[in-house]
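Residue strings, one per chain:
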Amino acid sequence: MHKIYQHFQFRFNQSFRIFNFNPKVSLPVILVFGALMIVKFPQTVFYPLLYFSMVLVFHINRKDIPFLKKTFISNWRLIIFLESAFIYMLFLMANINYKIEKFGLLAFVAIFSLCFLQPQSKPFPILQWTFISNDLFEWKSYMRKNTWMFIITYIIVVASAYHQASLILCGIFLLDYLSHVYENNENKEMLEVYFKKMDFKDKIYKNVVFFNALLSPTYIGFLIFNFNESLYLLYYIFFMNCYFLLILTRKYKLYHHHEKANYFSIAVFIEYFAYSITIIPALIMIRLNTKEAQQNISKYVGN
């Protein structure tokens, strides 16, 4: 029992350090947790389903099971159950609209079954996404490196069309993924070849069209489920596109062939998030970023 107590004490301190020293992780978690506390579903059964799904994703992505087997030789399954049950119970009890019922309690049985479901040791197959144009090489590269995380995230984003709160919540959650799509810089030779074939405004146009094509099922789904609340969708479209364009134009505004990345940070996230919420400052910044990006590109392409 003492070893189990020490383990959970370690987990608590580990979580505290992560949230305290990595605001890029802590801010999205706080936003998501806050939204999950107040979200209201039409049927009570949706709460256990949502929170069990989160526990399942957490379990599938665990990398510490071999360590637990060595440390807790006969009790490692108990540790897995206690950790998963704690996460599930924390989200379930924190929601102000949830009242305890049978289905919520039965979910603990499903959580117990996770003790016997071990994450796959071999990596999942990676999709090549060959149907995506090479003009969208940032998307193609990112989706190849993060195939299954992209698919899971995309399903969640499409499902968020069900309710206004979930639409906004998942939109904020999606911003972090968008930020990393354009974080890495291509080499100087590739940049020259690319922008001799098209100008920067063409690149913006193609990427915006692709981005909105990805979100179109969410747009359509929201109109089907919440047609009378279509103003939420209009704001969502402006908000997401503003942030998207800020990230894209920032990449080439800061581009330098000696730098492998443009080093996105939590400060940039907060700044661009604030601009995007207010929309008009975002439009001004997009225009300024575009002008500076074109000037920067011309140093390499010579046009």
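For the structure, check the block above.
Position numbers for residues start from 1 in each chain and track the written sequence from start to end. Reporting in this predicted model follows two pLDDT cut-offs: at least 70 for local features of residues, and 80 or more for side-chain atom pairs to be given and counted; totals over whole chains, interfaces and linings ignore these cut-offs and use all residues. Side-chain figures throughout are based on the complete set of non-hydrogen atoms in the structure, without hydrogens or water.

(A) Up close: the overall build of the protein chain. Under the DSSP-based scheme used, a helix requires at least four consecutive residues in state H or I and a strand at least two consecutive residues in state E, with every element numbered from the N terminus. When you go through the protein chain residue by residue, the secondary structure sums to 14 helices and 0 strands. Relative accessibility decides the category of a residue: with a 1.4 Å probe and only protein chains considered, values under 20% of the type maximum give buried, values over 50% give exposed, and everything between is partly exposed. Buried positions account for 40% of the 303 residues belonging to the protein chain. Contacts between residues were defined by any pair of non-hydrogen atoms, one from each residue, lying within 4.5 Å. Residue pairs at least 24 apart in sequence account for 75% of intrachain contacts in the protein chain once pairs closer than 6 positions are excluded. Entry remark: accessible area of the protein chain is about 17600 Å², with carbon and sulfur atoms responsible for 68%. Note on areas: Shrake-Rupley, 1.4 Å probe, and residue coverage restricted to the protein chains presented here.

(B) Looking closely at unusual backbone geometry. A positive phi is found at Ile279, a non-glycine position, where the angle reads about 65 degrees. Looking at the element boundaries, Ile279 is found in the loop between α13 (266–278) and α14 (280–301).

(C) Spotlight on helix α5 (residues 76–94). Multiply 1.5 Å by the residue count of a helix minus one, and that product is the helix's expected span. Helix length check: α5, at 19 residues, gives a terminal C-alpha distance of 27 Å against a target of 27 Å (1.5 Å per residue), a fit within 8%. Within α5 the residues assigned to the buried category are Trp76, Ile79, Ile80, Glu83, Ser84, Ala85, Tyr88, Phe91 and Leu92.

(D) Representation of the nonpolar core. We call a set of buried residues a nonpolar core when its members are Ala, Val, Leu, Ile, Met, Phe, Trp, Tyr or Cys and they connect through side-chain atoms within 4.5 Å of each other. Of all hydrophobic cores here, the largest spans 55 residues; its most connected members are Trp139, Leu178, Met240, Phe244 and Tyr252. Within the residue set of this core, elements represented by two or more residues are α7 (137–145), α8 (147–159), α9 (164–181), α10 (188–197), α11 (200–225), α12 (230–254), α13 and α14. For this core, the element with the highest residue contribution is α12, accounting for 12 residues. The residues touching Leu178, leaving out its near neighbours within four places in the chain, are Trp139, Phe211, Met240, Tyr243, Phe244 and Ile247.

(E) Region of interest: the packing of α8 against α9. To get an axis, fit a line to the C-alpha atoms, keeping to the stretch in contact for a helix; angles then go from 0 to 180 degrees between the N-to-C directions. Two elements in contact, α8 and α9, have axes whose closest approach is 10 Å; the angle formed by their N-to-C orientations is 155 degrees. What the angle tells us is that α8 and α9 run roughly antiparallel. Here α8 runs over α9; the crossing is left-handed. Counting all contacts with α8, which are made through Met149, Thr153, Ile156 and Val157, the residues of α9 involved are Cys170, Phe173, Leu174 and Tyr177. For the contact of α8 with α9, the class distribution of residues is 7 nonpolar, 1 polar and no charged. Angles are sorted into four bins: roughly parallel if under 35 degrees, roughly antiparallel if over 145, roughly perpendicular if 65 to 115, and oblique for all others. What makes a crossing left-handed is the near helix being turned counterclockwise from the far one by less than a right angle; a clockwise turn instead makes it right-handed. Charged residues are taken to be Asp, Glu, Lys and Arg, nonpolar residues to be Ala, Val, Leu, Ile, Met, Phe, Trp, Tyr, Cys and Pro, and polar residues to be all remaining types, Gly included.

(F) Focus on α10. Burial in α10 covers these residues: Leu191, Tyr194 and Phe195. One side of α10 carries all its buried residues, which in axial view fall inside an arc of 85 degrees. Within α10, the exposed residues directed more than 90 degrees away from the buried face are Glu189, Val193, Lys196 and Lys197. Tucked inside the fold, the buried residues of α10 contact α7, α11, α12 and α14. Distance and chemistry together define a polar contact, namely a pair of N or O atoms within 3.5 Å, with one atom able to donate a hydrogen and the other to accept it when in protein, and with adjacent residues in sequence counting only for side-chain atoms on both sides. Residue Asn187 occupies the N-cap position of α10, its side-chain oxygen lying 3.3 Å from the main-chain nitrogen of Glu189. The directions from the helix axis to the C-beta atoms are what the arc is built from.

(G) Up close: the packing of aromatic side chains. Paired rings are identified among Phe, Tyr and Trp, the last through its six-membered ring, by centres lying within 6.5 Å, and are further divided according to the angle between planes into stacked (under 30 degrees), edge-to-face (over 60) and tilted (the rest). One pass over the structure, following the stated rule, counts 24 aromatic pairs. Residues Tyr194 and Phe195 carry aromatic rings whose centres are separated by 5.0 Å and whose planes lie at 80 degrees to one another, so their mutual orientation is edge-to-face. The exposure classification of Tyr194 matches that of Phe195, with both residues buried. When the ring centre of Trp76 is taken as reference, the NZ or CZ atom of Lys69 above it lies at 5.0 Å. In our convention, an over-ring charge means Lys NZ or Arg CZ found within 6 Å of a ring centre and within 35 degrees of that ring's normal.

(H) Fine view of empty space enclosed by the protein. Cavities and pockets are found on a 1 Å grid laid over the protein atoms alone: a cavity is a set of points where a 1.4 Å probe fits but cannot escape, a pocket is an open set with protein on both sides within 12 Å along at least five of seven lines, and a lining residue has an atom within 4 Å of such a point. Grid points are joined across faces, edges and corners, and a volume is the space filled by probe spheres set on the points. Taken as a whole, this structure holds 1 cavity of 30 Å³ or more when the rule is applied. As a volume, the largest cavity reaches approximately 170 Å³. Lining the largest cavity are 13 residues, with Trp139, Phe150, Tyr154, Leu174 and Leu214 positioned closest to its centre. Secondary structure elements with two or more residues in the lining of the largest cavity: α7, α8, α9 and α11.

(I) Highlighting the packing of α12 against α14. The N-to-C vectors of α12 and α14 enclose an angle of 25 degrees; their axes lie 8 Å apart at closest approach. Between α12 and α14, the angle falls in the class roughly parallel. As α12 runs across α14, the sense of the crossing is left-handed. Where α12 approaches α14, its residues Cys242, Leu245, Leu246, Thr249, Arg250, Tyr252, Lys253 and Leu254 are matched on the opposing element by Ala282, Leu283, Met285, Ile286, Asn289, Thr290, Glu292, Ala293, Asn296 and Ile297. Looking at the contact of α12 with α14 residue by residue, the class counts come to 11 nonpolar, 4 polar and 3 charged.

(J) Structural view of the environment of Val109. Examined against the element boundaries, Val109 turns out to sit in helix α6 (residues 102–113). Spatially, the C-alpha atoms of Val109 and Phe81 are 9.9 Å apart, while their sequence positions differ by 28 residues.

That's the geometry; what it means functionally is another story.
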